[in-house]
Every structure is written in C-alpha cells, then in structure tokens.
There are 2 protein chains.
Amino acid sequence: MEPAAIERLSFAIIDAETPEPRPYTGHQWEVARRLVHTSADFELLSLLKFHPLAVDAGLDALRGGATIVTDTRMAQMGIPQRRLGALGCTCVCLMNDPAVMVAAKQQGVTRARVAVDMALESAGKGGPVIFAIGNAPTALLRLLERMDQGQPAPALIIGMPVGFVNAAESKQALMAQQRVPYVTIAGRKGGSALAAATVNALAEIVLRERAEG
Amino acid sequence: MEPAAIERLSFAIIDAETPEPRPYTGHQWEVARRLVHTSADFELLSLLKFHPLAVDAGLDALRGGATIVTDTRMAQMGIPQRRLGALGCTCVCLMNDPAVMVAAKQQGVTRARVAVDMALESAGKGGPVIFAIGNAPTALLRLLERMDQGQPAPALIIGMPVGFVNAAESKQALMAQQRVPYVTIAGRKGGSALAAATVNALAEIVLRERAEG
C-alpha cells in the first residue's frame, strides 16, 4: 500500500472508532484525528484544547508563508519540508545554534529559554510566526513572559510540552491567557511528534484548499 | 532548575506513581521509566515487551561502539550526539538519502523498505548494529524478511512503529521470532520519540557504568 493510502485507511479507522458525537468537528477534527494518528492515543481527544480562533489563525499564517519555530530538532524533522516548501513556509529550530549555547551558558539559563528570545528577535521578520513547542516548559513559559512584557504575540502557539515537571503548569498558563490563539494538550501528555503533527494537519488543510482551487 | 535535576525529579515522580510491585526491575525498569518520561503515558508499562536478552544485547552493542539505524530523522534527532559520541557510537538514518529515494521510485516500494536494505549493506561494517524503528511497519517487516532470507541479525531490534495499519501486526511478527533480541510496544502505540528514548535509556546505563569506573 502507498503511504497516502495507509494514511487514508488510518483516518477511516480513527473515524470509525471515535463515538459520535465526536468532540470536534471540521478542521478541529482534522487536527485531533492527526494527533491520534501520530500517537495511537485516543485519550488525547479529551485533553486537546483549542482557543476558538486557533485553527483560523494557524491557517492564515500558513497561507501567508509563516515561519514555524520549534523547540526541538525532533519537531523540526517531523514537519516535512515538502509540505512547508509548497506553502512558501519555513521551519527553524535554534536549540543547537552556537549563539544560543554560548548565551545560555553566560546567562545561566536553559537553551530553550534563550532559543525563544533569539527566535523572537530573528524569526519571520515581518511575516507570521507559529511557535510549535513540544518539549520544553521553559520555552513556553518564556514566550508567555515575553508577551507579558510587551512582545508582540505570534500568530499561533502550539503549546504541547510533555512531562512531569512544569509541563502541565506551562500549558495551564497558556490556556489562562487570551492574547494569542493556542492549541494545547492539557495535563502531562504532549511531545515533539504531536506539536509537529498539529502543524502538519493545518498545512494539509491549506494544501488541499490550493489543490481544489 | 537544571535539565538534569528536572529529569531526576521526573523519574522520582514516575517511581512514586507506579504501584509496587513494578512490572519491571533493574535495567528494564530504567528503560520503561524513560518511555513513560518521554510520553507521560503509563499505559506503556503494560505494553512494553522485552526479549529476555534484549537489555544485555543492547548494552553490549553500545559498549562496542554500535551503529544505530533509525527509520526517521525524528528518531535520529531524538538520540543526542553528546550521548552517542561519548560512547564511540553513531546514529544513521537513510530515509532522505538520494540513493534511497531513487531506488524506491525505481522498485515501486516504500523508502522505508529500501532504507533497511541499504542499511543492512552499509551500516556498522564489522561492528554491532541496533535498529531503532519508531515509524514504519514496512521497515520492521522488511528487516524480519531479510533475516528470514539469511541476513545476519542485528544485535538488537527496537521495534516500535506506531499506527493503525500494520503497526501492531509488524510488532507481533517481531515478538513471534526468537532469532534476534527485541524491545517492543505491543499494539498500536509507539513512535520515533519512544524508539529514541529506548536507545537513550540504554546509553545512559553504559555512560553511568563508565563514570562509576
């Protein structure tokens, strides 16, 4: 079977196994379904939370050639360039940038935090930016802190740190604010693959729009 | 908090929340705990399956400067070079290799399948090899097929494809054979992050051994 056929069959299985009424419809369901496809974890359907403007904000950003900023190379690798390139979008991750490593050591803070600061300075000059955070609570918390300090908000935050220390709390803080649309997974679950899958689901919607003219 | 301190605290939380008697002990528990750490999914504790020789085979391979072959760039990025380099190990992924792309198109088969064939020819010449498969059932099935055809077995197969079409079946086939030690996750769950985490858990054990002299 071709990869595209396997994906269609997988989505049909997820559709069939999700009781009606489904917790999401339309584009939100397309995102939710891809997260289940990526993880085989149906529990995500009760944990996934969308700001009401999140899908529209994400689609608009991708239509406008967004820069996607990830907090791991894993998430960056999970967003195929063939999808992004076709949309005129790019994906960057500064975690292994030598300047980030030097600054983190000098400031005595995490690379994730410095990478957010540097991304805010450099990414998507003039164009829309989507942050896709699947690993580091400190990245998400730093981004929210900078917004509190007056930094213009990105178009969308995909906030999905995974783990047992500060991950749930960082996502709670994301959901508690209203300045920027978000997609998140409440609680401890999350991860780079899920953050990437959210971008991919939104990108697929835009690519389909274009194919359908 | 430092990343290392966060990790220790996370492991302590997982220890505390896993009822005694735990399903695994010793090194197997260290692997299992890291998979929970990566996913925040305690259900993995009932799905994770070790061939009885798997941990020893994996540790021996890493002590011997193994080549780790992954089926995704995501998994490759999830295995930090700082860990592997300290052990004299390397990690390769051929999925985006131009020769793999050409051959897959010519043969009309998946890149994942061709990448396994090419890895069997080129990876770890003379040294131990660990396959870490977190995405493509066709990669795992091709590896088992080649072994059936007489291909020497790798030191260890970490077989953790995720998904709804052939993932569970490919892992069933892995567990049904006895020629090669394996670590796997029964059923649909799995993924690149979990395959990478399994390598990382084993690498941490070897690094600790060395640090303790």
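Predicted, not measured: the structure shown is a model, and the values here were computed from it. (Residues numbered from 1 in each chain as written. Chains lettered and ligands numbered in written order. Predicted model: local features only at pLDDT ≥ 70, side-chain atom pairs only at ≥ 80, totals over all residues. Heavy atoms only, no water.)

Trainee: Where do I start with the packing of aromatic side chains in this structure?
Mentor: Ring pairs (aromatic) are described by centroid distance and by the angle formed between their planes. Counting across every chain of the model gives four aromatic pairs over all chains. With a centroid separation of 5.4 Å and 75° between ring planes, the pair formed by Y24 of chain A and F50 of chain A is classed as edge-to-face. Here Y24 of chain A, found in the loop between α1 (3-17) and α2 (26-39), pairs with F50 of chain A, found in strand β1 (residues 48-50); they are 26 residues apart in sequence, far enough to count as distant. In this pair, the class of Y24 of chain A matches that of F50 of chain A, namely buried. The side chain of R33 of chain B reaches across the aromatic face of F11 of chain B, ending 4.7 Å from its centre. (Phe/Tyr/Trp six-rings, centres within 6.5 Å; stacked < 30°, edge-to-face > 60°. Helix = DSSP H or I, 4+ residues; strand = E, 2+ residues; numbered from the N terminus. Buried < 20%, exposed > 50% of the residue type's maximum accessible area, 1.4 Å probe, protein only. Lys NZ or Arg CZ within 6 Å of the ring centre and 35° of its normal.)

Trainee: Just checking my understanding: could you explain the pattern of salt bridges for this structure?
Mentor: Between side chains of opposite charge, a pair can form as their charged atoms come close. Inspection of the entire model under this criterion finds 28 salt bridges over all chains. Among the salt bridges present, the one from D41 of chain B reaches K189 of chain B, with a minimum N-O distance of 2.6 Å. Placement of the pair is D41 of chain B in the loop between α2 (26-39) and α3 (44-47) and K189 of chain B in the loop between β6 (182-185) and α11 (192-211), with a sequence separation of 148 residues. Per residue, the accessibility class of D41 of chain B equals that of K189 of chain B, and both read buried. Sharing partners across several salt bridges, the network here consists of R113, D117, R142, E145 and R146 of chain A. (Salt bridge = Lys/Arg side-chain N within 4 Å of Asp/Glu carboxyl O.)

Trainee: I'm lost on the pairing of strand β2 (residues 67-70) of chain B in this one. Help?
Mentor: The side chains of a regular strand alternate, residue by residue, between the two faces of the sheet. Residue and element names in this part refer to chain B. The alternating pattern of β2 places T67 and V69 on one face and I68 and T70 on the opposite face, and all of these are buried. With four bridges connecting them, β2 and strand β3 (residues 90-93) associate as parallel partners. Bridging across to β3, I68 finds its partner in C91. Examined bridge by bridge, β2 and strand β4 (residues 129-133) share four bridges and lie parallel to one another. The residue of β4 that forms the bridge with T67 is V129. (Pairing = 2+ DSSP bridges.)

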